Each structure stands twice: as C-alpha cells, then as structure tokens.
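Each chain, letter by letter, is given below.
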Amino acid sequence: MQHAQTLSLPEADTERALHSERVVDFIRDRIHDAGGQISFAEYMHHCLYAPGLGYYSAGSAKFGGAGDFVTAPETSSLFGAILARQCVEVLKQLESPGILEVGAGSGKLAADILKVLAESGALPERGYKILEVSADLCERQESFLRREVPELLNSVEWLDALPMDFSGVVIANEVLDALPVERFIRREQGIAQVCVVTDGDGFGLVDREAPTMLIEAVEKIEAFLGQPLPNGYASEVCVAAPQWTADICGTLRDGAAFLFDYGTSRREYYAADRSGGWLRCHFRHHAHDNPLILQGIQDLTSWVDFTAVAEAAVDNGLDIAGFVTQAQFLIGGGLDKYLVDFAELSTDAQLKLSAEIKLLTLPAEMGENFKCLGISRGNLQPPTAFEFGDRTTSLG
Ligand SMILES: C[S@@+](CC[C@H](N)C(=O)[O-])C[C@H]1O[C@@H](n2cnc3c(N)ncnc32)[C@H](O)[C@@H]1O
C-alpha cells in the first residue's frame with residue numbers, strides 16, 4: 001500500500017478543514033459499501049463532484065487569487081476577446097447559430113466573449129448556452145453575468161443536457177482535465193487498476209486486477225505505441241474522455257468546437273520516461289502530487305491525451321480543424337491587434353497588459369503546455385487561429 005506523503009502546503013482554514021472531514025466521511029462510506037476499495041476514478045469523482053460536497057459541487061472559491069488556481073480566462077480578458085473573434089469566423093458561416101460553453105467556471109469567459117460579440121454586433125441568433133455540471137457554479141455564473149453584463153443576461157441560457165442538433169460553436173476550457181481518470185500499473189502478468197482504500201484515519205492506494213474496460217484502454221495505448229509499456233510503468237487513462245468527446249460531436253450538427261486544456265499527444269503522454277503519470281493537485285496556488293489529502297477542498301486534475309480526443313472526434317464524423325499551443329492560438333487569432341495602441345496606454349496599463357500576455361503565451365507559463373484542439377463538422381473555412389504552427393500530425 002502506498003501511503004500519503006507529508007507535504008509542506010498551506011493550512012486549510014477551519015471551515016475548509018471541517019468541509020473536508022465531511023467529504024472524507026462520505027468517501028469512507030462509499031469504500032465500505034463497495035467492500036473495501038474503490039477505483040481511483042471513482043475516488044476522484046467523489047472528491048470533485050459528490051453532490052453538495054465535491055470540489056466543484058460545493059461553494060469554495062476555486063478560481064482566481066482567493067482560490068486554488070487560475071485559468072486563462074481568469075488571467076486576462078484577452079483570452080475571451082480573441083476567442084470571441086474566432087467564434088465569429090465560424091458563426092458567420094452558419095445559419096441560426098449559437099454558442100455553447102461547457103463547464104463555464106466562474107462565468108468570466110462567457111462575460112468576456114459576450115462583451116466582444118455585443119460590441120461588434122455579432123451576438124449569435126441562438127444566444128449563449130451554458131452546460132455546467134455544478135449547481136453551485138451555475139448560480140455563481142448567473143450572479144457574475146448579472147453584475148458584469150446585465151444587459152446581455154437574456155442572451156444566456158443554462159441547459160441541463162447537451163442540446164440536440166446544435167449549430168454553432170462549442171467551447172470547453174479546462175473541462176477535459178477535470179474528468180476523473182483511472183490509474184493503472186503495467187505488470188508482466190497484466191494490467192493492474194489502482195484503487196483507494198481506507199488506511200487508519202486516511203486513505204491509501206492498492207492495486208487489483210483491472211476490469212475489462214481498463215485493460216482495453218491500456219491495450220489500445222500499447223497498440224498505438226507499437227509495444228507494451230515497460231513492466232512497472234504507472235500512469236492514468238481518462239476512459240471518460242472519448243465518450244465526452246463523442247457526446248460533443250453528437251450535439252454538433254454543424255460548426256466547430258474549441259477544446260482548450262493542458263495536454264499533449266499520446267506518444268508523449270505515455271513516453272517510457274514518463275512513468276508516474278500526469279495527475280496534479282492544486283491547493284491555494286500550490287501544485288503537488290498527493291490526491292489522498294484535502295479531499296473536496298483541492299482540485300484534482302490530469303493532463304489530456306489529445307490523441308484520444310482527436311480519435312474520438314474523427315470516429316464520430318468530425319474533422320480536425322487544427323491543434324495548436326495556446327500561444328499559437330492567441331497569436332494566430334490576432335493578439336497583435338490588441339497591442340496597436342500599446343504606446344498610448346498608461347505605464348500601469350502597459351505593465352498589466354504585458355504581464356497578462358506573458359502568462360498566457362510564454363512557454364514556461366501557459367503558452368506551451370496548454371493546447372487548443374479544434375474540431376468541426378460541415379464545409380467550414382478553418383478559423384485563422386489554426387493557420388500557423390498546426391501540430392495535428394503530432395497526434396498520430
Ligand atoms: C477547471 S474548471 C474550468 C472552468 C472554466 N472553463 C475556466 O476556464 O475558468 C472545470 C469546469 O468544468 C465543469 N465540468 C466538469 N465536468 C463537466 C461536465 N461533464 N459537463 C459540464 N461541466 C463540467 C466544472 O464544474 C467546472 O466549471
């Protein structure tokens with residue numbers, strides 16, 4: 001059994017610590033009900049989405065300075081402004097289109113996009129739809145949008161499920177990385193599934209023979225690589241990602257989806273020297289690798305195997321519009337236009353804008369690790385953000 005490591009992280013305040021105790025009790029009950037162990041994916045699901053308790057289901061701050069991590073839209077409105085212009089390129093090729101954002105977080109990206117669309121007279125006929133799994137975040141998105149763009153609130157609609165026959169643009173920023181992952185170990189005699197058990201007051205990891213769906217997922221990776229993973233190799237696989245992608249494809253009658261996340265090609269994801277996987281935990285702006293602590297009050301997230309997402313899109317009849325780094329997307333999408341008046345800005349505004357652009361585009365910040373996969377259906381002109389630096393061939 002692998003025990004939780006001791007880490008130097010900030011202390012959780014009393015309210016958060018008490019909340020985490022409730023999440024721990026909930027997970028202990030689930031482990032007991034399951035006969036002593038649950039898969040890592042189920043554990044991650046409870047940590048993030050247990051009703052009223054999980055990290056995304058309950059009321060903690062999460063995003064921005066007071067939370068645990070920042071995302072691109074939280075970093076700068078430039079991200080939404082550039083993405084809005086890419087949306088317009090797609091929307092104007094379609095009849096009666098709309099925008100659908102999946103997993104809208106605080107609502108910041110929606111507000112930034114709506115502002116630009118309204119200013120340029122390009123609000124789509126079918127409005128801006130949001131599909132959000134967390135009831136708490138839906139409420140927060142509504143009050144954020146009411147405060148930021150009250151005059152546009154009637155263009156926004158919250159959905160309970162993916163729409164049928166949708167024409168338009170789908171946006172998902174850092175949603176794929178929030179889907180629970182299975183952890184596995186390649187053993188000589190087969191694939192082992194990593195499971196979570198109780199261990200005193202806390203939790204530990206054990207492994208057991210993997211179920212068929214996990215064996216098939218790992219065998220698919222090995223077939224792609226053309227050889228078995230090394231004995232003892234440990235990593236994770238998001239078995240939910242292909243189905244999530246298929247659902248997005250199923251909804252899109254015509255149009256495009258922009259899927260942003262940190263991730264890489266399958267070849268790099270499962271490189272021989274990358275045993276240990278890509279799971280990360282975020283607590284009050286500290287990134288670490290111990291998922292067995294701070295249940296329900298820290299984010300658990302894993303890099304995305306973009307080959308798996310692209311394969312699922314193609315299997316469901318979509319085309320790959322492009323695969324670029326976030327920096328390339330923003331530069332190709334017209335970042336320079338926002339710098340035309342740079343010299344006329346105040347010194348403070350210049351410093352602020354420079355800092356935001358650095359965070360969004362530098363390779364050591366979000367520029368290189370974050371990617372955008374564009375997928376499309378219909379006879380569409382590809383958005384200009386994919387014109388340069390396309391890495392689609394790296395996915396094969
Ligand atoms: C890491 S946050 C990103 C939030 C926001 N997109 C941003 O960039 O700031 C992940 C978001 O996806 C939502 N989410 C996770 N799984 C989802 C699903 N299957 N359907 C819809 N929303 C989901 C979470 O509740 C949360 O709002």
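Here, every reference points to the structure presented above.
Cut-off values and rules
Residues numbered from 1 in each chain as written. Predicted model: local features only at pLDDT ≥ 70, side-chain atom pairs only at ≥ 80, totals over all residues. Heavy atoms only, no water. Phe/Tyr/Trp six-rings, centres within 6.5 Å; stacked < 30°, edge-to-face > 60°. Helix = DSSP H or I, 4+ residues; strand = E, 2+ residues; numbered from the N terminus. Buried < 20%, exposed > 50% of the residue type's maximum accessible area, 1.4 Å probe, protein only. Expected span 1.5 Å × (residues − 1). Near = heavy atom within 4 Å. Polar contact = N/O pair within 3.5 Å; in protein donor to acceptor, adjacent residues only side chain to side chain. Areas by Shrake-Rupley, 256 points an atom, 1.4 Å probe, with all protein chains shown as cover. Nonpolar A, V, L, I, M, F, W, Y, C, P; charged D, E, K, R; others polar. Salt bridge = Lys/Arg side-chain N within 4 Å of Asp/Glu carboxyl O.

**Q** Pulling in residues and values, what's your account of the packing of aromatic side chains?
**A** Within the structure shown, the criterion is met by 17 aromatic pairs. Ring geometry for tryptophan 278 against tryptophan 303: centres 4.6 Å apart, planes inclined by 35°, an arrangement best described as tilted. Placement of tryptophan 278 in the loop between α9 (266-269) and β12 (279-283) and of tryptophan 303 in the loop between β14 (299-302) and β15 (304-305) is noted, with a sequence separation of 25 residues between them. The burial state of tryptophan 278 is the same as that of tryptophan 303; both residues are buried. Relative to phenylalanine 323, the ring of phenylalanine 306 has its centre 5.1 Å away and its plane inclined at 55°; by these criteria the two rings are tilted. Within this pair, whereas phenylalanine 306 is found in helix α10 (residues 306-315), its partner phenylalanine 323 is found in strand β16 (residues 319-325), the two being separated by 17 residues in sequence. Accessibility classification places phenylalanine 306 together with phenylalanine 323 in one group, the buried group. Members of the aromatic cluster, each reached through a chain of ring pairs, are Phe184, Tyr262, Tyr269, Tyr270, Trp278, Trp303 and Phe370.

**Q** Break down helix α5 (residues 108-119) for me, with residues and values.
**A** Between its terminal C-alpha atoms α5 stretches 17 Å, which fits the 16 Å expected from 12 residues at 1.5 Å a residue. Along α5, nine of the 12 residues are buried, which leaves the element largely enclosed by surrounding structure. Buried within α5 we find Lys108, Leu109, Ala110, Ala111, Asp112, Ile113, Leu114, Val116 and Leu117. Following α5 by one or two positions, glycine 121 has its phi on the positive side, about 60°.

**Q** If you had to explain the site of the ligand to someone new, which residues and values would you point to?
**A** With respect to spatial proximity, 17 residues lie near the ligand, and among them Tyr56, Thr71, Gly103, Glu132 and Asn173 are the closest. For the ligand, a nitrogen atom lies 3.4 Å from a polar atom in the backbone of valine 133. Notes on the ligand: free accessible area 590 Å², of which the protein chains cover 93%. When grouped by side-chain class, the residues that make up the shell around the ligand number 10 nonpolar, five polar and two charged.

**Q** Summarise the pattern of salt bridges; cite the residues concerned and give the values.
**A** Taken as a whole, this structure holds 16 salt bridges when the rule is applied. Salt-bridge contacts for aspartate 68 lead to arginine 16; the nearest nitrogen and oxygen are separated by 3.5 Å. With aspartate 68 in the loop between α2 (40-49) and α3 (72-75) and arginine 16 in helix α1 (residues 14-33), this residue pair connects regions lying 52 residues apart in the sequence. Assigned by exposure class, aspartate 68 and arginine 16 land together as buried. With its nearest N and O atoms 2.9 Å apart, the salt bridge here joins arginine 30 to aspartate 33. With arginine 30 and aspartate 33 both in helix α1, this residue pair falls three residues apart, about one helical turn. Take arginine 30: its relative accessible area is 24%, and that puts it in the partly exposed class.

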